[in-house]
Amino acid sequence: MTRDHDARDSDDRAPDESAREDEKRLTDGGTDDAAAGADDVALDPWGSSAVSDYRKLFEEFGIGEFDDVLPEVPNPHYLMRRGVIFGHRDYEPVARALREGEDAAVLSGFMPTGDPHIGHKLVFDEIIWHQQQGADAYGLIADLEAHAARGMTWSEIDEHARDYLLSLLALGFDPEEGELYRQSDNRELQDLAFELGSKANFSEFQGIYGFDGETNVSHMQSVVTQMADILYPQLEEPKPTVIPVGPDQDPHVRFARDLAARMRFFKVTEAYASFELTDAERALVAAVYDEREQYAEEPDRPRCEEAGAWLAAHADLDDLGVVVGDDVRESAVEKLNNAGMEPLRPRVRFLDANATEAAFEGLIEAIDGEKRRYEEHVDAFDLDVADAEELAREIELDHGGYGFVPPSSIYHRFMTGLTGGKMSSSIPASHISLLDDPEEGYDKVKAATTGGRETAEKQRELGGKADECPVYELYAYLLAGDDDEFAKEVYDECVGGERLCGGCKEQAAELMREFLEDHQEKREEVEDLLDDLDISLTSSRRGVAPGDE
Ligand code: TRP
Ligand code: SF4
């Protein structure tokens, strides 16, 4: 999320109940919220400890470990190298596109509910890095969401929106190459939101976000708007798209991936005969097909009933290399038996999910080689799955569809508050705003909690606890910049007992002051640039803060 340690201070119900719901789901109701779990995280500069600390997200939510894709990423950003970006969903296609100079996009959004702070800087940096690697870059102001879900007035929103945009530009976003927009102003986006809304229903909102009968309707609209944000970079053309956010936004990412799939004209699957199989059954039947020598009278023409009989009698599924329940075996056997003498024969299948008549006809015509048409699907015998996917997308685009690629995401860790515990924008001392006076930034770092020992003597003897130190985090996430050597030096000196907290904080505080001075100077320099951009900085909207009562 982009408000990773933002206060959830002004939701329409109790203080941001719905965001809490996301977090609860993410942590499976264990701890109270994801950020609290994250605060306990042991910080190892090279990321290895992130794996076990975020295990729940990997195991229960299917988020992938970023370290697994890291080798595929060209010139990885230091946030990637240091394990600050710890997780991802389906990032491989994006990494591949960056590596091979193919089209890719990056997009993230910011709710203008307060000042941009050093947590938002992580996301700004992620967008800018992807832009520098050649991706089309998008940054958006989630003003509809801020109004509907946080009760911000339009004038408050305008003020903060400007600040987010200035910081994003000051950090290096190139507006000539990329696009900045605000949700409220983007007609194309809202049209897409409307289309996506036709594939979503209230039960899902209940299940995913905990919405109920009291939730205001604009809040729900802001959800479909975010779904549209996530798919917006693909309106021009489908392409791998990454959404850098905090893990609390994962429910949005999953939902957007679902909706992207639901909008497709055709669903492409592998198949073995004319009938439909579930994914589990398909894996089993694929394995049974591979064993055809064992049961088929003519092994180049195995029959469904032969396969069914063999599967029914084959005691050990383990040695087929598939792990499925008995119910799956039974249903697969039944389907195979019902098909009798029909040959078991691999093919790719195009299921008609949303296609127009013309698109379905167009597809059939475009399939090369042997094909067989059915009521709601067509089977192709001389295509592999990748070619079939490509063809399906081509036909869809030719016939007025979107052809969306499922969006990918990367997740960064939440920063610890400077005062320990959670970083929150409602506790000014816990975070550093990008607008803080440089002296104030200096003071906040000097006053920060550390992972140091009670006495200098003990520190020399035992070393500091860099893994639990918010000051070390500042070095790793921000102050060391691209300089891995420096970050490692701080870490090693700390845990080795050579570094004492007083001097360490002094150094960090000075770097923070320098960073803020420099950043704020750059913000001033990009004022004109912002004013020249095609993005409205004052809203003409009127209205009162919404509520659910
Ligand atoms: N919901 C996000 C937040 O709370 C903001 C947001 C809106 C967003 N649209 C987005 C983030 C699209 C990523 C992609 O901060
Ligand atoms: Fe933290 Fe620095 Fe103290 Fe180590 S020496 S605990 S990094 S403040």
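See the structure above.
All values reported here derive from a predicted model rather than from experimental measurement.

## Points about the site of ligand 2
Every residue lining ligand 2 is accounted for by Thr450, Gly451, Gly452, Gln459, Cys469, Val471, Tyr472, Cys494, Arg499, Leu500, Cys501 and Cys504. Put simply, the parts of the chain that give the shell around ligand 2 at least two residues each are helix H22 (470-479) and helix H24 (501-525). Classifying every residue of the shell around ligand 2 by side-chain character gives seven nonpolar, four polar and one charged.

## A look at the sheet that holds strand E4 (residues 136-141)
On the basis of which strands lie adjacent, the open sheet formed by seven strands has the order E1-E2-E11-E6-E3-E4-E5 and mixed pairing. The sheet is open, and its two edges are formed by strand E1 (64-65) and strand E5 (179-182), each paired on a single side. Taken together, the four bridges between strand E2 (residues 85-89) and strand E11 (residues 408-412) define a ladder with antiparallel strand orientation. Opposite Ile85, over in E11, you have His412 as the bridge partner.

## Describing the sheet that holds strand E8 (residues 347-352)
Read across the open sheet, the four strands follow the order E7-E8-E10-E9; overall the sheet is antiparallel. Each edge of the open sheet is held by one strand with a lone partner, namely strand E7 (266-271) and strand E9 (371-373). Averaged over all neighbouring strand pairs, the angle between strand axes comes to 20 degrees, with direction disregarded. Here E8 runs beside strand E10 (residues 377-380); their pairing, made up of four bridges, is antiparallel. Bridge assignment links Val348 to a residue of E10, and that residue is Ala380. Of the strands in this sheet, E7, E8, E9 and E10 touch helix H18 (residues 357-366), which is tilted by about 155 degrees from E9.

## Side note on a negative patch on the surface
On the surface, Glu100, Glu102, Asp103, Glu179, Asp185, Glu188, Glu236, Glu237 and Asp534 cluster together to form a negatively charged patch. Checked against the element boundaries, Glu179 lands in strand E5.

## Focus: the environment of His519
Along the chain, His519 turns up in helix H24. On the accessibility criterion, His519 (1% relative accessible area) is buried. Separated by 348 residues in sequence, His519 and Leu171 place their C-alpha atoms 7.4 Å apart. Not counting residues within four places of it along the chain, the set of residues in contact with His519 comprises Ser167, Ala170, Leu171 and Leu434.

## What about the packing of H22 against H24?
Here H22 crosses H24 at 35 degrees, and the two axes come no closer than 10 Å. Every pair of crossing elements has a handedness; the one defined by H22 and H24 is left-handed. Here H22 contributes Val471, Leu474, Tyr475, Leu478 and Leu479 to the contact with H24, which in turn contributes Cys504, Lys505, Gln507, Ala508, Leu511, Met512 and Phe515. Its residues assigned to classes, the contact of H22 with H24 shows ten nonpolar, one polar and one charged.

## Things to note about helix H15 (residues 279-290)
Between its first and last C-alpha atoms H15 spans 17 Å; for twelve residues at 1.5 Å apiece the expected length is 16 Å, and the two agree. When we look at burial in H15, the residues that qualify are Glu281, Arg282, Leu284, Val285, Ala286, Ala287, Val288 and Tyr289. Tucked into the core, H15 has its buried residues touching E7, helix H16 (304-313) and helix H17 (326-338).

## A word on the environment of Ser430
Looking at the secondary structure, you find Ser430 in the loop between E11 and helix H20 (438-446). Note on Ser430: relative accessible area 0%, which makes it buried. Taking C-alpha positions, Ser430 is 9.9 Å from Pro470, a pair spaced 40 residues apart along the chain. With residues up to four places along the chain from it excluded, the contact list for Ser430 reads Gly417, Leu418, Thr419, Lys422, Met423 and Ser424. Of note is the side chain of Ser430, whose polar atom sits 2.8 Å from the backbone oxygen of Ile427.

## Brief notes about the nonpolar core
Core analysis: the largest hydrophobic core is formed by 71 residues, its most contacted members being Tyr91, Tyr472 and Tyr475. Here this core takes eight residues from H22, the largest share from any one element. Residues within four places of Tyr91 in sequence aside, it is in contact with Phe66, Val69, Val73, Met80, Leu98, Trp129, His130, Val242, Ser408 and Ile410.

## Some thoughts on unusual backbone geometry
Generally, phi is negative for residues other than glycine and the peptide bonds are trans, each holding for most cases. At Asn75, a position not held by glycine, the phi torsion is positive, near 40 degrees. Secondary-structure assignment places Asn75 in the loop between helix H5 (66-69) and helix H6 (78-81). According to the relative accessible area criterion, Asn75 is exposed, its value standing at 55%. One non-glycine residue with positive phi stands out, namely Asp90, at about 55 degrees. Mapped onto the secondary structure, Asp90 falls in the loop between E2 and helix H7 (92-100).

## Remarks on helix H19 (residues 385-398)
For H19, with 14 residues, the first-to-last C-alpha span of 20 Å sits near the 20 Å given by 1.5 Å per residue. Along H19, the residues that are buried comprise Ala388, Leu391, Ala392, Arg393, Ile395 and Glu396. In the core, the buried residues of H19 are packed alongside E7, E8 and H18. Phi for Gly400, located one or two positions after H19, is positive at around 85 degrees.

## As for the packing of aromatic side chains
The way to describe two aromatic rings as a pair is by their centre distance and the angle between their planes. For the structure shown, the criterion picks out 18 aromatic pairs. Ring centres of Tyr209 and Phe255 lie 6.2 Å apart, and the angle between their planes is 65 degrees; on these two criteria the pair is classed as edge-to-face. Here Tyr209 is found in helix H12 (residues 202-209), whereas its partner Phe255 is found in helix H14 (residues 250-262), with 46 residues between them in sequence. By relative accessible area, which is 2% here, Phe255 ends up buried.

## Quick notes on the pairing of strand E3 (residues 105-110)
For E3, the buried fraction is high: six of the six residues fall into the buried class. Here E3 shows two buried faces, one formed by Ala105, Leu107 and Gly109 and the other by Val106, Ser108 and Phe110. In this view, the connection linking E3 to its parallel neighbour E4 by way of helix H8 (residues 118-132) has right-handed handedness. Bridge count between E3 and strand E6 (residues 241-245): two bridges; the pairing is parallel. The residue bridging Ala105 from the neighbouring strand is Thr241, located in E6.

Conventions used here
Residues numbered from 1 in each chain as written. Chains lettered and ligands numbered in written order. Predicted model: local features only at pLDDT ≥ 70, side-chain atom pairs only at ≥ 80, totals over all residues. Heavy atoms only, no water. Near = heavy atom within 4 Å. Helix = DSSP H or I, 4+ residues; strand = E, 2+ residues; numbered from the N terminus. Nonpolar A, V, L, I, M, F, W, Y, C, P; charged D, E, K, R; others polar. Pairing = 2+ DSSP bridges. Axes fitted to C-alpha atoms, helices over the stretch in contact; angles between N-to-C directions. Contact = heavy atoms within 4.5 Å. Patch = residues over 30% accessible without salt bridge, like charges linked within 9 Å, V, L, I, M, F, W, Y side chains within 5 Å. Areas by Shrake-Rupley, 256 points an atom, 1.4 Å probe, with all protein chains shown as cover. Salt bridge = Lys/Arg side-chain N within 4 Å of Asp/Glu carboxyl O. Lys, Arg positive; Asp, Glu negative; His and termini not counted. Charge placed at Lys NZ, Arg CZ, Asp CG, Glu CD. Buried < 20%, exposed > 50% of the residue type's maximum accessible area, 1.4 Å probe, protein only. Left-handed = near helix turned anticlockwise from the far one by under 90°. Expected span 1.5 Å × (residues − 1). Polar contact = N/O pair within 3.5 Å; in protein donor to acceptor, adjacent residues only side chain to side chain. Core = buried A, V, L, I, M, F, W, Y, C linked by side-chain atoms within 4.5 Å. Phe/Tyr/Trp six-rings, centres within 6.5 Å; stacked < 30°, edge-to-face > 60°. Right-handed = clockwise from strand over helix to strand, strands pointing away.

These values are about where atoms sit, not about what they do.
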